[in-house]
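Observations on the model geometry
As a plain string of letters, each chain reads:
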Amino acid sequence: AALGLAIAMTAAPATAATYNEGSDFSGAFGSPTAIANGFDTITGNLGTGDYDFLSFTGLAAGAQTVTLNLAATGGSVFWTGNFRYSTTPFTSNTSGASAGSIFMYNLGFLGSSLTQSLSFNLGSGFAGTLYLALNLSTGAGASYSLSVPGNAPVAPVPLPASALLLAGAVAGLGALRRRGKRAAA
């Protein structure tokens, strides 16, 4: 019984998960798709003229790096767009700070660059709310993976060893009480 109690009181490690776009993330800056805490990787797809707006309200405060990895899909020559972020809600499709321009190309025998990585750093004063916008202006499509390490779940706080000692003491007192009742009977 004490072993079962000890196992039950041990905290399991927190693991992060991937949030897959599924149908489609919001294309409206005024109502971004809210990504719940616990998802540190977000995957999705962009089509020509497509916007994806995301919001994270439970990010860990403090310095961290957010990274976008893109891969061109479909048969195009050029893929262009932008990656923007803000700590306040977007007021238009083009508001917020630029985290970089999307530019991928396929020029056949002249060369190609069909993947791209863009990232930005949040400073030590970051307070936990982040809005992201991705846009593909030209190109047949692109898939992406967004790494947001500050959105990983917070590890549960394990119970201290003294809790096990207290449980053992209570069990011991209960055993002594039963023993005392048997002796009196």
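Structure report, in brief. Computed from a predicted model, the values in this text were never measured in an experiment. (Residues numbered from 1 in each chain as written. Predicted model: local features only at pLDDT ≥ 70, side-chain atom pairs only at ≥ 80, totals over all residues. Heavy atoms only, no water.)

1. Section: the pairing of strand β3 (residues 39–46)
Looking along a regular strand, one sees side chains alternate from face to face of the sheet. Pairing between strand β1 (residues 17–20) and β3: 4 bridges, direction parallel. Along β3, the bridge assignment pairs Ala-17 with Phe-39. Strand direction decides the pairing type here: β3 and strand β11 (residues 142–147), joined by 6 bridges, are antiparallel. For Gly-44, the partnering residue across the bridge sits in β11 and is Tyr-144. (Pairing = 2+ DSSP bridges. Helix = DSSP H or I, 4+ residues; strand = E, 2+ residues; numbered from the N terminus.)

2. Quick notes on the environment of Gly-141
Inspection of the secondary structure puts Gly-141 in the loop between β10 (130–138) and β11. For the pair Gly-141 and Thr-73, spaced 68 residues apart in the sequence, the C-alpha separation amounts to 5.1 Å. When residues no more than four places from it in sequence are discounted, the contact partners of Gly-141 are Leu-46, Gly-47, Ala-71, Ala-72, Thr-73, Trp-79 and Leu-136. (Contact = heavy atoms within 4.5 Å.)

3. Let's talk about the nonpolar core
Of all hydrophobic cores here, the largest spans 29 residues; its most connected members are Val-66, Phe-83, Phe-120, Leu-130, Leu-132 and Leu-146. When neighbours within four sequence positions are excluded, Leu-132 is seen to be in contact with Asp-52, Phe-53, Leu-54, Phe-56, Val-66, Phe-83, Arg-84, Tyr-85, Phe-90, Phe-120 and Leu-146. (Core = buried A, V, L, I, M, F, W, Y, C linked by side-chain atoms within 4.5 Å. Buried < 20%, exposed > 50% of the residue type's maximum accessible area, 1.4 Å probe, protein only.)

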